[in-house]
Amino acid sequence: MICDLCGKDGARVRRMARTYGKGKGLFLIENVPVVRCPDCGESYLTATTLHEIERLKLHRRSLA
């Protein structure tokens, strides 16, 4: 995969858990695909992933 930031080949998708909020409003999402580049060291989420996270956060009460 090519890194969107540095343009070099070698970026990999890793699955990670991400948390949003704090206290009683804490929201945990597991298996979030995060792109990690070994050349520039950056980690980022794709637009598709960000849209899905926002959808989950918006409907989290009905999903729980």
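Coordinates for the structure precede this section.
Summary of the structure given here.

Thresholds applied
Residues numbered from 1 in each chain as written. Predicted model: local features only at pLDDT ≥ 70, side-chain atom pairs only at ≥ 80, totals over all residues. Heavy atoms only, no water. Helix = DSSP H or I, 4+ residues; strand = E, 2+ residues; numbered from the N terminus. Rg over C-alpha atoms; globule rule 2.2 N^0.38 Å. Buried < 20%, exposed > 50% of the residue type's maximum accessible area, 1.4 Å probe, protein only. Areas by Shrake-Rupley, 256 points an atom, 1.4 Å probe, with all protein chains shown as cover. Lys, Arg positive; Asp, Glu negative; His and termini not counted. Charge placed at Lys NZ, Arg CZ, Asp CG, Glu CD. Contact = heavy atoms within 4.5 Å.

### Looking at the overall build of the chain
Consideration 1: From N to C terminus, the chain includes 2 helices and 3 strands.
Consideration 2: In terms of C-alpha radius of gyration, the chain reaches 14 Å, well past the compact-globule figure of 11 Å for 64 residues.
Consideration 3: Each of the three principal axes of the chain carries a C-alpha extent, and together these read 40 × 20 × 15 Å.
Consideration 4: Expressed as a percentage of its 64 residues, the buried residues of the chain come to 23%.
Consideration 5: Surface summary for the chain: the accessible area is close to 5,000 Å², and the carbon and sulfur share equals 51%.
Consideration 6: Averaging the coordinates of the 12 positive side-chain charges in the chain and doing the same for the 7 negative ones gives two points 10 Å apart.

### Quick look at unusual backbone geometry
Consideration 1: Despite not being glycine, Asn 31 has its phi angle at roughly 60 degrees, a positive value.
Consideration 2: As for its placement among the helices and strands, Asn 31 is situated in strand E2 (residues 27-36).

### Section: the environment of Ala 17
Consideration 1: Relative to the assigned elements, Ala 17 resides in strand E1 (residues 12-20).
Consideration 2: Apart from the residues within four sequence positions on either side, Ala 17 is in contact with Leu 28, Ile 29 and Glu 30.

Read these as layout, nothing more, since geometry by itself doesn't imply function.
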